[in-house]
Amino acid sequence: MGGVPESHSGWTFLTNHARVLASIAENQNTRIRDIAARCRLTERAVQKIISDLEEGGYLTHTRQGRTNEYRIEPGTILRHPADAGLTVAGLLSVLAQHDARRDGQRDRSQQLQTASFYERGPRADQ
C-alpha cells in the first residue's frame, strides 16, 4: 500500500473531505492508511482532512489502544450556503444509497444498517 497514489487531473463531483468522511462512515475504526488507499490520497492529506473535519465539528475521535475510533456528528449542517439545511447524515445517506446500487453484491443487511444509522442519528449510549 506504500507509494504515492496515482494523481487525478481535472475536477470531480465529490471533495476529498466528503470521500474521507464517507470512508469513516463505513468503518469508524478504520486506519488513516486504509482511508488514504481507498480515497487515493496521501496519509498526510488524510490527516489534514480529518483535522479539518474535527475543527468544523463534523467528526470527533477517541483513542482506543493503538487505534482511533471516529464518531461522525450526523446533525451537523453542511458548510456551503447552497446546501443550507442539509446535514452530514443526509449526505452520507445519499452516498450509502449510491454505493448500494453500484455494489450490488454487498451484503444487504450492512447497507440497511449503515443507512438507518444516518437516518435515525446516533444512539443515546454513544
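Since this is a predicted model, take the numbers as computed values, not measurements.

Caption draft 1: A look at the overall build of the chain. Looking only at helices and strands, the chain features five helices and two strands. Helices and strands in the chain line up, N terminus first, as α-α-α-β-β-α-α. The proportion of buried residues among the 126 residues of the chain is 31%. Here the analysis covers contacts within the chain between residues at least 6 apart in sequence; of these, 41% occur between residues at least 24 apart. When the accessible surface of the chain is totalled, it reaches about 8,600 Å², and 50% of it is carbon and sulfur.

Caption draft 2: Up close: the packing of aromatic side chains. With the rule as written, the count across this model stands at one aromatic pair. Judged by centre distance (4.9 Å) and plane angle (75°), the ring pair of Trp-11 and Phe-13 falls under edge-to-face. Taking the relative accessible area as the measure of exposure, Phe-13 reaches 75% and is therefore exposed.

Caption draft 3: Expanded view of the pattern of salt bridges. Scanning the model with the defined rule gives five salt bridges in all. Its salt-bridge partner being Arg-38, residue Glu-26 comes within 2.9 Å of it at the nearest N-O pair. Here Arg-38 lies in helix α2 (residues 32–39) and Glu-26 lies in helix α1 (residues 16–26), a separation of twelve residues in the sequence. For the salt bridge of Glu-43 with Arg-33, the shortest nitrogen-to-oxygen distance reads 3.7 Å. Here Glu-43, found in helix α3 (residues 43–55), pairs with Arg-33, found in helix α2; they are ten residues apart in sequence, far enough to count as distant.

Caption draft 4: Region of interest: the nonpolar core. With 22 residues, the main nonpolar core has Val-20, Ile-24, Val-46, Ile-50, Ile-72 and Leu-92 as its most contacted residues. Elements with a contribution of two residues or more to this core: α1, α2, α3, β2 (67–72) and α4 (88–102). Per element, the largest residue contribution to this core is five residues, and it comes from α1. Not counting the four nearest positions on each side in its chain, Ile-50 is found in contact with Val-20, Ile-24, Ile-32, Ile-35, Leu-59 and Tyr-70.

Rules behind the numbers
Residues numbered from 1 in each chain as written. Predicted model: local features only at pLDDT ≥ 70, side-chain atom pairs only at ≥ 80, totals over all residues. Heavy atoms only, no water. Helix = DSSP H or I, 4+ residues; strand = E, 2+ residues; numbered from the N terminus. Buried < 20%, exposed > 50% of the residue type's maximum accessible area, 1.4 Å probe, protein only. Contact = heavy atoms within 4.5 Å. Areas by Shrake-Rupley, 256 points an atom, 1.4 Å probe, with all protein chains shown as cover. Phe/Tyr/Trp six-rings, centres within 6.5 Å; stacked < 30°, edge-to-face > 60°. Salt bridge = Lys/Arg side-chain N within 4 Å of Asp/Glu carboxyl O. Core = buried A, V, L, I, M, F, W, Y, C linked by side-chain atoms within 4.5 Å.

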